[in-house]
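Notes for the structure review
For reference, the chains in residue letters:
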Amino acid sequence: MQKEIRRRSFRAFLCLVLIGSLTLPSLGQNKVIVDNSDWNVISTEHFHIHYTAKSEPLVPFAAQYLEEAYRIVTARLAMPIPKKIPFFLFATHNRFEENNIADVDEGTGGVTEAFKNRLSVYNDGSLFWLKHVIFHEFVHVVQFETLYGGFWKSVRLLKSPFYPMWFTEGQAEYETEELDRGTEDLYLRDAAASQRLYPLSALHGFSHMRPHEVTLAYKQGAAAVRFLDQEYGGENSRLLLKLMKEDIGLTSLVMELTRQDFAVFEKRYLEYLSDYYACQTEGLEEPEAYGRRLTPSDILPVFNTSPAISPDGRFLAYLTDRHGTRELVLYDFQEQSHRILAGREWRKLENIQAEGRAISFSPDGRTLAFVGEKRQRDFLYLYDIKRDRLRQVRTPFEQIRSPAFHPALPRLAVVGMSRGFNDLYEISTEGGVLRRLTNSLTDESDPMYSPDGRTLIFSEEAVAPELHEHGPERNLAALSLTERSADPVPLTDMPGSETAPVFTPDGRSIVFVAGPSSISNLYRLDPANGRSPAALLAGAVGRVTQLTRVIGGNFTPVLSPRDPSRMVFVSFRKTSQNIYLANPSLMDPSVSLAELPAQPSSRNWSTLDPTATEENTAPPTEPVIAQRPTAPARSAAGERPTAPADPLHRVPGTAAGRDLFTGDPREYRFHASTDLFFPLLFYSTEGGLFVGGFWQWSDYLGNHGLQTTTEYASGDDSLDYQIQYQYKAFRPQFFLTSQGQQFYLDFERTARTREYTHALTVSYPFDRFHRLDGTVGTVFRKETYGLFPEFNQEERENLFAASLTRETVIGRYLAVTSGNRSQYTYRAARPVFGGDLSYQTHVFELHQFTPTGREGTVAVRWLSGLSEGRNPQSFRLGGSDRLRGYSRFGAANEASRFTIANLEWRPLLTYINYNGWFLFPDVSLKALYGALFTDIGYGWARSE
């Protein structure tokens, strides 16, 4: 009994602390590794930068942003890092998803892990984005060094559950300054206007956040850290981080710094946000003031994005994540009905990309183009609406975005990534490159043809981040397609970013999105003197008119090719994005800026009118003149202009010519170290010496992993150990496991049992949803009875097992609501190589989930198996996970052949929004579910 108590106590202890435990394959989506590029390393003063051939062109930019982050953040937080920091740069998100350093999903931009203080980021083509994610993740490096650095990091890591994420993530966002302030304002302004701000006590962790609210949690944390510094002193956030190293009670530390109770601090912080954004939203409108919502409401936040109108104006296509995964939907304006077209064709498609203008109709209205993923690669997908058929088209790009059909020809304009940078291309419907349109280090997005197909407009980053001290800058540009080597011509240069341009049906004006006051709204660019936008390519200056003023933000305007008064747009409100059909008057060219609803008094019109002064901030009565910027330097067709012969030894931007690197590039060499180490040792006169321990070790790429657990008690001479080695560098993953235990069965120590298992498992994922596992192993069992040696027995089981798994279950929030999972397992033992047992076992399990609305579901399970041979295995029928109401123990509830069916209805009774701090370290109660179920099962043997 004492031995069992010790064993269970130690294992419970391990369950609490083993943050990065290695595990055998289990149910869930698979990681598919298709890229096995070799890694190289180059060092700067403070970093070891790891990169592959595909991410090499980005290394100079990453090096500059890393050293800038080190200089700024370590000075602000007064925490130098004692040794060089490993940094891993991935060329695209698909490559990032394959990494073995830390598991990531579609929404992860960067990761910093505490074991080795490694930071990893991927490139999406935007240098502003790359700089932002590097600054954010480097703040975590400084935090981890402050909180966990020093002797025996494993013990310090035990405190991590007590550190609230609103502070750790909020400080990381706060230190990036203006690099993503527009997103912060968007989410906080929206939440404050809806009285949906979370108290900080509910943001200790983010796993309970509703869909799309994790970003809100990040931004609320940033605002809280900013409030702490600005309201109570500029050093408070830095001091709070240092105090947290020795005291995990953050509430008491905040009280010490602010001289007030944490509840008072929290209340003042929420009042500050409410007042601040009340001023910002004064006079602004709900999106319903500008149009009628087309997408249905939902009890949970949902993103309906990327609208596209068919050429005949009857249909609207858009993307939605209403059912847990992104799906393509077709809306009929006449019938006012929504029909799901694609999104769950798991054999061809695993995820649909929604960045920018993600959908486009072909000129005949029959085909929809969008971009999706399959086996860690981007594909162009063409959906034939008439035939209800999805076709996958391969392209030569590392990443592809924003397909746009030509208005007359069978070709598309796309944003394609090559060697780490985004450029514009024209491709055929078979995926071949017809023409490269741009060739620069500038990130381009949102291409759109003019109605005559002679001009392409798009959005591009205005300047590199190292030349700009504030947030991202994007401007509109136009490119003539009638000239073979024409350079893009800049169209706008407003403060902030201009994105998502689209021509009006007559080709005379451009509607786009801009946020000069940190609020994204719709604007119209009209040519000067009534000329067409084609005149802009010759140097004509246009006029900008603001069309909307909303509380949240408006995005992605789309106009019907045949009806100039029909326009749809996406609006962000109450943490959701919905699609609206604009009021016909919104596109009336006679409506001027002064005729629109009154501007908020806090609006600074000098951000729109370069001639305005601080004293002259009244809204102008005429449309604003769009100032023509200077065209950035570009190259002719061929090599990139800023790529020197030795790119790793020159840094772009203002630091050009300065060598940031401290050595030459070198191949990555295997380097491993301990992640976690927890020894356990105690002695008692009754139980003797007890020794236990856990050790986890891995290399810097995460391809090799070793985990050991041992327990030994001298009092009853018991031993329990487990060793597991994992190799994950390739698509098939290998697991080598050895475990054993030996102990006495009685207090008199006359009966002893031993069992040792050695196994090799290979797991091969076909894609994210399908996987084949194979295991070969041997199990040795021996029982000895000192008083009755005639009962001694031993046996060896040499086994082989194979399992085929499918996992497509989906859940939006708290529970699985749709999809299915199935698994077939074959296991056999043969009397070879000294084996004693002989059997064949087949087990099949199927789960099917059917949604019933409001996050409820009907769940059906069928579990069946049979075992035959000289030594057939027995299956358990009873227990809470099989036949409820029957015991899981006892021969009466076992059989060598069985079948079980479970039917459940799991309705969502009500949502609960309660958070308390009375459980380790806090608890969130989010919903109350019910279950109505019935079980049936039958077990038998061959002779029964």
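Residues numbered from 1 in each chain as written. Predicted model: local features only at pLDDT ≥ 70, side-chain atom pairs only at ≥ 80, totals over all residues. Heavy atoms only, no water.

1. What about the overall build of the protein?
- Along the backbone of the protein there are 11 helices and 49 strands.
- Residues counted as buried form 55% of the 944 residues belonging to the protein.
- For the protein, contacts bridging at least 24 residues in sequence account for 58% of all contacts bridging at least 6.
- Put simply, the protein shows about 40,900 Å² of open surface, and 54% of that area lies on carbon and sulfur atoms. (Helix = DSSP H or I, 4+ residues; strand = E, 2+ residues; numbered from the N terminus. Buried < 20%, exposed > 50% of the residue type's maximum accessible area, 1.4 Å probe, protein only. Contact = heavy atoms within 4.5 Å. Areas by Shrake-Rupley, 256 points an atom, 1.4 Å probe, with all protein chains shown as cover.)

2. Some points on the pairing of strand β24 (residues 498–503)
- With five of six residues buried, β24 lies mostly within the body of the structure.
- Note: β24 against strand β25 (residues 510–514), four bridges, orientation antiparallel. Opposite Thr-499, over in β25, you have Val-513 as the bridge partner.
- Between the end of β24 and the start of β25, which pair antiparallel, lie six residues, with Gly-507 showing a positive phi angle near 75°. (Pairing = 2+ DSSP bridges.)

3. What about the side chain of Glu-426?
- As for its placement among the helices and strands, Glu-426 is situated in strand β18 (residues 421–428).
- When sequence neighbours within four positions are dropped, the list of residues in contact with Glu-426 reads His-406, Arg-411, Leu-412, Ala-413, Gly-432, Val-433, Leu-434, Arg-435, Leu-437, Tyr-449 and Leu-481.

4. Section: the packing of helix α7 (residues 181–193) against helix α8 (residues 214–232)
- Running from N to C, α7 and α8 cross one another at 100°; their axes reach a closest spacing of 9 Å. Classed by the angle they form, the pair α7 and α8 counts as roughly perpendicular. Only Thr-215, Leu-216, Lys-219, Gln-220, Ala-222, Ala-223 and Arg-226 of α8 make contact with α7, whose side of the interface consists of Arg-181, Thr-183, Glu-184, Tyr-187, Leu-188 and Ala-191.
- Looking at the contact of α7 with α8, its residues break down into six nonpolar, three polar and four charged. (Axes fitted to C-alpha atoms, helices over the stretch in contact; angles between N-to-C directions. Parallel < 35°, antiparallel > 145°, perpendicular 65-115°, else oblique. Nonpolar A, V, L, I, M, F, W, Y, C, P; charged D, E, K, R; others polar.)

5. A word on the sheet that holds strand β29 (residues 567–573)
- The four strands are arranged β6-β30-β29-β28 in an open sheet whose pairing can be described as antiparallel. Among the strands making up the open sheet, the edge pair consists of β6 (291–293) and β28 (553–559). When strand polarity is set aside, the average angle formed by the axes of neighbouring strands in this sheet is 30°.
- Here β29 pairs with strand β30 (residues 576–582) via six bridges, running antiparallel.

6. Looking at the packing of aromatic side chains
- Inspection of every chain in the model, using the stated rule, returns 40 aromatic pairs.
- Ring geometry for Tyr-70 and Phe-138: centres 5.7 Å apart, planes at 50°, overall tilted. With Tyr-70 in helix α2 (residues 59–77) and Phe-138 in helix α4 (residues 127–148), this residue pair connects regions lying 68 residues apart in the sequence. Here Tyr-70 matches Phe-138 in class, with each residue buried.
- An aromatic cluster of three or more residues is present, and its members are Phe-227, Tyr-232, Phe-262, Phe-265, Tyr-269, Tyr-272, Tyr-276 and Tyr-277.
- Over the aromatic face of Tyr-744 sits the side chain of Arg-752, whose NZ or CZ is 4.6 Å from the ring centroid. (Phe/Tyr/Trp six-rings, centres within 6.5 Å; stacked < 30°, edge-to-face > 60°. Lys NZ or Arg CZ within 6 Å of the ring centre and 35° of its normal.)

7. A word on helix α11 (residues 262–280)
- Between its first and last C-alpha atoms α11 spans 27 Å; for 19 residues at 1.5 Å apiece the expected length is 27 Å, and the two agree.
- Every buried residue of α11 is accounted for by Phe-262, Phe-265, Glu-266, Tyr-269, Leu-273, Tyr-277 and Gln-280. Angular distribution of buried residues about the axis of α11 spans 100°; they occupy a single face of the element. The outward face of α11, more than 90 degrees from its buried face, is lined by the exposed residues Lys-267 and Asp-275.
- Contacts from the buried residues of α11 go to α6 (165–174), α7, α8 and α10 (250–258).
- The N-capping residue of α11, defined by a side-chain oxygen 2.9 Å from the backbone nitrogen of Ala-263, is Asp-261. (Expected span 1.5 Å × (residues − 1). Arc of directions from axis to C-beta. Polar contact = N/O pair within 3.5 Å; in protein donor to acceptor, adjacent residues only side chain to side chain.)

8. A short note on the pairing of strand β5 (residues 118–122)
- Along β5, five of the five residues are buried, which leaves the element largely enclosed by surrounding structure.
- Taking every second residue as pointing to the same face, both faces of β5 are buried, with Arg-118, Ser-120 and Tyr-122 on one and Leu-119 and Val-121 on the other.
- Judged from the four bridges that link them, strand β3 (residues 85–90) and β5 form a sheet pairing that is parallel. Of the residues in β5, the one forming a bridge with Leu-89 is Val-121.

9. Quick notes on the environment of Val-558
- Note that Val-558 resides in strand β28.
- A residue is classified by how much of its surface remains accessible, and Val-558, at 9% relative accessible area, is buried.
- Taking C-alpha positions, Val-558 is 6.8 Å from Pro-307, a pair spaced 251 residues apart along the chain.

10. Some words on the pattern of salt bridges
- Counting across every chain of the model gives 52 salt bridges.
- Its salt-bridge partner being Glu-98, residue Arg-95 comes within 2.5 Å of it at the nearest N-O pair.
- The partner of Glu-430 in a salt bridge is Arg-391, with the nearest N and O atoms 3.4 Å apart. Taken together, the positions of Glu-430 in the loop between β18 and β19 (433–436) and Arg-391 in strand β15 (residues 389–393) put the pair 39 residues apart, joining distant regions of the chain.
- When its relative accessible area of 56% is taken as the criterion, Glu-430 is described as exposed.
- Ionic contacts of the salt-bridge type, sharing partners, join the residues Glu-97, Glu-106, Glu-350, Glu-373, Lys-374, Asp-767 and Arg-768 into one network. (Salt bridge = Lys/Arg side-chain N within 4 Å of Asp/Glu carboxyl O.)

11. Describing the nonpolar core
- By size, the foremost hydrophobic cluster in this structure holds 84 residues, and its most contacted members are Ile-49, Phe-87, Phe-138 and Leu-240.
- At 12 residues, the largest contribution of residues to this core is made by α4.
- Look past the residues within four positions of Phe-87 in its chain and what remains in contact with it is His-48, Ile-49, His-50, Ala-62, Leu-66, Leu-119, Val-121 and Ile-134. (Core = buried A, V, L, I, M, F, W, Y, C linked by side-chain atoms within 4.5 Å.)

12. Considerations on the sheet that holds strand β16 (residues 399–405)
- On the basis of which strands lie adjacent, the open sheet formed by four strands has the order β16-β17-β18-β19 and antiparallel pairing. One side of each edge strand has no neighbouring strand; the edge strands of this open sheet are β16 and β19. The mean inter-strand angle of the sheet, taken between neighbouring strand axes irrespective of direction, is 30°.
- Relative to β19, β18 runs antiparallel, the two sharing three bridges. Of the residues in β19, the one forming a bridge with Tyr-425 is Arg-436.

13. Thoughts on α6
- Counting buried positions over the 10 residues of α6 gives nine, a clear majority of the element.
- Residues of α6 that are buried include every one of Trp-166, Phe-167, Thr-168, Glu-169, Gly-170, Gln-171, Ala-172, Glu-173 and Tyr-174, and no others.
- Those residues of α6 that are buried are in contact with α2, α4, α8, α9 (236–244), α10 and α11.

14. Examining a nonpolar patch on the surface
- Together, Leu-681, Tyr-683, Leu-689, Val-691 and Tyr-712 line one region of the surface with nonpolar side chains, adding up to about 490 Å² of accessible area.
- Every element with two or more residues in the nonpolar patch is listed here: β33 (672–684) and β34 (688–699).
- Judged by its relative accessible area of 32%, Tyr-712 is partly exposed. (Patch = residues over 30% accessible without salt bridge, like charges linked within 9 Å, V, L, I, M, F, W, Y side chains within 5 Å.)

15. A word on unusual backbone geometry
- The backbone of Asn-117 sits at a positive phi, close to 55°, despite the residue not being glycine.
- Take Asn-117: it is sitting in the loop between β4 (110–113) and β5.
- The exposure class assigned to Asn-117 is buried, which follows from its relative accessible area of 7%.
- For Ser-306, which is not glycine, the phi torsion reads 55° and is therefore positive.
- Among the structural elements, Ser-306 can be located in strand β7 (residues 304–309).
- Classification of Ser-306 by relative accessible area gives buried; the value is 2%.

16. What to know about the environment of Gln-220
- Mapped onto the elements of the fold, Gln-220 is located in helix α8.
- By relative accessible area, Gln-220 is classed as buried at 0%.
- In the structure, Gln-220 is positioned 49 residues away from Tyr-269 in sequence and 9.9 Å away in space, judged by C-alpha atoms.
- Other than its neighbours up to four places away in sequence, Gln-220 contacts Leu-188, Leu-197, Tyr-198, Leu-203, Tyr-269 and Leu-270.

17. Observations regarding the packing of α4 against α6
- Viewed as axis vectors pointing N to C, α4 and α6 meet at an angle of 135°, and their least axial separation amounts to 8 Å. By the criterion of interaxial angle, the relationship of α4 to α6 is oblique. Crossing geometry of α4 relative to α6 is assigned as right-handed. Across the interface between the two elements, His-132, His-136, Val-139, His-140 and Gln-143 of α4 pack against Phe-167, Thr-168, Glu-169, Gln-171, Ala-172 and Glu-173 of α6.
- Partitioning the contact of α4 with α6 into residue classes produces three nonpolar, six polar and two charged. (Left-handed = near helix turned anticlockwise from the far one by under 90°.)

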